[in-house]
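Residues per chain, in single letters:
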Amino acid sequence: MSKLEEAFISVIVDRSAMAKIFQMADASNLVTELRRNFDAGVTRGYEWRVTQLKKLLVICDKHEPEIVSALHDDLGKPELESSVYEVALLRNSIKLALKQLKDWMAPHKAKTSLTTFPASAKIVSEPLGVVLVISAWNFPFSMFEQSLTDLCITSSLSILNAFKRHLTIACFLQVLSIDPVIGAISAGNVVVLKPSELAPASSSLLAKLLKQYLDPSAVRVVEGAVTETTLLLEQKWDKIFYTGNSRIGRIIMTAAAKHLTPVSLELGGKSPVVIDSDTNLKVITVRRIISGKWGCNNGQACISPDYILTTKEYAPKVIDALKKELEAFYGNNPMGSKDTSRIVNLNHFDRLSKMLEEKEVSNKIVYGGQKNRENLKISPTVLLDVPLDSLIMSEEIFGPLLPIVTLNNLEECFGVINSRPKPLAAYLFTKNHKLKKKFTKTVSAGGIVVNDTAVHFTLPTLPFGGVGESGIGSYHGKFSFDAFSHKKSVLFKSFLGDSAIRYPPYSRRKLGLLKTLVNSNLVDTFKVLLGLS
């Protein structure tokens, strides 16, 4: 047994012990306690929200080295990626919320009409209540589907064997699981966070820091795996926010439907990159693709480029440019580079290996393809013209493999993209304004970026979320606040100006007046009153 397998067993054993504790504590008691605190108004005030957000900022400022270390332990993640793509983005989200929270919380005036005159109206943002945030987590489909009704896990070894047989893709931006928590706190909710069990160091650190700094009467962390998540999903929540893949998203929705609980699902998909022949290929285009693919957790991110579409004539130039820049970034021995993350675990490694070893795919590798199972490393790998029905083109890759699909002409890209489930992101590199316009109009995706990859994720002014199988709802910045708020309509009506026309007995004259009032047509109203209509 390898050291990695021994470590994995120890994590599972720890989680099993935690599961017993959690079961004894009873998930329903946790939700009941938090709901009681919410009903008492603990979280509704501006000062409480600001205090919690400032404490999250303290976590980022004081504990960044620990966060970076935990991400390295879990994923072998380079310090730059952890500090910039996780901690810095998180810090920016908190600062934005602190700066704009008063405006977000303030009621917004709404227009009234002749029908309600004299009156005033406003839209009030109120917290939803008790919310569950589930960070990315992986487990067997069959085990979890059964567990929704009859969960029975008898030993840590059975869990390990199940994990070896099955794997689900998830988005391993573990620290950024706090991002939706920022929105939930800003909106005045009480929160339960369930972090990913497959990043145990990050999960443990999150649990420790949130318990140490945040108000335990309103913010809790539940660690664990299938058992804990199942117990949580059986409870009645006012909102469930899940980050993961579409198949587990369906299970989340099934569980939520029992209580008619609204959900936000941040999923994934196969995000295409379309490359026109008029781009600055050697410098800008290829470097930005590499940054979004291998420079973002080695492809293990939900918005990583999944495959490239370009013309047959242009593909050789794309491949040559990729080879040159990949060697410039990661050297002649990318397996030894410290600037790429490792694959998250053996299951994920084996799934990616299976993609590469498929009969009609293994001979399509034009760059890379090296693997080391013991160290969980796969080098940046480029493939050319793999079959469209192969595993690598049927599933979200979520790793360092990048297929290139060639087309007779670039117009064919629309047919390829639109024939598949809607992706979380779609990328286009071109100088052609007509192509840009058609791409943004024709391609349906969670987000579109022209002449770059993944950078839209960093903009809090843009909603981040999917469409169709890539997700439901969106968040980031004000959109996170809105995701965890109910927009309550409030109308204040005066006792003055009451009219008999709305009450029986009805008449043709009353009908005419009411129709003109409902249509807010002042001229026609006067005509009816004067008997001219």
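The structure presented is a predicted model; accordingly, all values stated were derived computationally and were not measured.

Rules used throughout
- Residues numbered from 1 in each chain as written.
- Predicted model: local features only at pLDDT ≥ 70, side-chain atom pairs only at ≥ 80, totals over all residues.
- Heavy atoms only, no water.
- Phe/Tyr/Trp six-rings, centres within 6.5 Å; stacked < 30°, edge-to-face > 60°.
- Lys NZ or Arg CZ within 6 Å of the ring centre and 35° of its normal.
- Pairing = 2+ DSSP bridges.
- Helix = DSSP H or I, 4+ residues; strand = E, 2+ residues; numbered from the N terminus.
- Contact = heavy atoms within 4.5 Å.
- Axes fitted to C-alpha atoms, helices over the stretch in contact; angles between N-to-C directions.
- Salt bridge = Lys/Arg side-chain N within 4 Å of Asp/Glu carboxyl O.
- Buried < 20%, exposed > 50% of the residue type's maximum accessible area, 1.4 Å probe, protein only.
- UniProt positions renumbered as here; feature names shortened; annotations may be inferred.

The geometry of an aromatic ring pair is captured by the separation of the ring centres together with the interplanar angle, meaning the angle of the planes. Evaluated as defined, the whole model comprises seven aromatic pairs. Ring pairs connect the aromatic residues Phe-241, Phe-457, Phe-464, Tyr-475 and Phe-484, which therefore count as one cluster. Across the ring face of Phe-484, the terminal group of Lys-239 is positioned such that the distance to the ring centre comes to 5.6 Å. Taking NZ or CZ as reference, Arg-420 lies 5.9 Å from the ring centre of Tyr-307, over its face.

Let us now look at the sheet that holds strand β5 (residues 219-221). On the basis of which strands lie adjacent, the open sheet formed by six strands has the order β5-β4-β3-β6-β7-β18 and mixed pairing. Single-partner strands in this sheet number two, and they are β5 and β18 (471-472). In terms of strand pairing, strand β7 (residues 263-266) meets β18 through two bridges, oriented antiparallel. Residue Leu-265 lies in a different strand from β18, and its bridge partner there is Ile-472. Sheet strands touched by helix α8 (residues 178-186): β3 (130-134), β4 (190-194), β5 and β6 (239-243). Its angle to β4, the strand with the most contacts, is close to 170 degrees.

Applying the stated rule across the entire model yields 17 salt bridges. Put simply, Lys-77 and Glu-86 hold a salt bridge, and the shortest N to O gap is 2.5 Å. Owing to a relative accessible area of 1%, Lys-77 belongs among the buried residues under this scheme. Accessibility expressed as a relative area gives 0% for Glu-86, which makes it buried. With a closest N to O distance of 2.9 Å, Glu-126 and Lys-488 form a salt bridge. In this pair, Glu-126 is assigned in strand β2 (residues 119-127) and Lys-488 in strand β20 (residues 485-493), connecting sequence segments 362 residues apart. Residue classification places Glu-126 among the partly exposed positions, given a relative accessible area of 22%. Accessibility expressed as a relative area gives 31% for Lys-488, which makes it partly exposed. Each of the salt bridges in this network shares a partner with another, and the network as a whole consists of Asp-61, Glu-64 and Arg-91.

This part covers the sheet that holds β20. Strand order in the open sheet formed by three strands is β1-β2-β20, and the pairing between neighbours is antiparallel. At either end of the open sheet lies a strand with only one pairing partner, and these are β1 (108-110) and β20. Neighbour-to-neighbour, the strand axes of this sheet turn through a mean angle of 30 degrees, independent of strand direction. Pairing of β2 with β20, which is carried by nine bridges, proceeds in the antiparallel orientation. Looking at β20, one finds that Pro-127 is bridged to Ser-485.

What follows deals with the UniProt feature "active site" (unreviewed entry) in the chain. The sites that carry the UniProt feature "active site" (unreviewed entry) are, in the present numbering, Glu-266 and Cys-302. Spanning 37 residues, the named residues nonetheless gather at one spot, since no C-alpha pair among them exceeds 8.9 Å. With respect to the element layout, Glu-266 can be found in strand β7. In this structure Glu-266 touches Phe-241, Tyr-242, Thr-243, Gly-244, Phe-464, Gly-465, Gly-466, Ser-470, Ile-472, Gly-473, Ser-474 and Tyr-475, once residues within four positions along its chain are discounted. Relative to the helices and strands, Cys-302 is located in the loop between α12 (281-293) and β9 (307-311).

Moving on: the environment of Arg-502. The residue Arg-502 is located in the loop between β20 and α19 (508-518) in this model. On the basis of relative accessibility, which here comes to 52%, the residue Arg-502 falls in the exposed class. Put simply, Arg-502 and Leu-514 are 12 residues apart on the chain and 7.4 Å apart in space, counted from C-alpha to C-alpha.

A few words now on unusual backbone geometry. Following Phe-117, the chain continues to Pro-118 via a peptide bond in cis, the omega torsion being -5 degrees. When you line up the elements, Pro-118 lands in the loop between β1 and β2. Going from Pro-504 to Pro-505, the amide bond is cis rather than trans, its omega being 0 degrees. Within the secondary structure, Pro-505 is located in the loop between β20 and α19.

Checked against the element boundaries, Val-449 lands in strand β16 (residues 447-450). Distance in space between the C-alpha atoms of Val-449 and Tyr-427 is 5.0 Å, their sequence separation being 22 residues. Residues within four places of Val-449 in sequence aside, it is in contact with Ala-426, Tyr-427, Leu-428, Val-455 and His-456.

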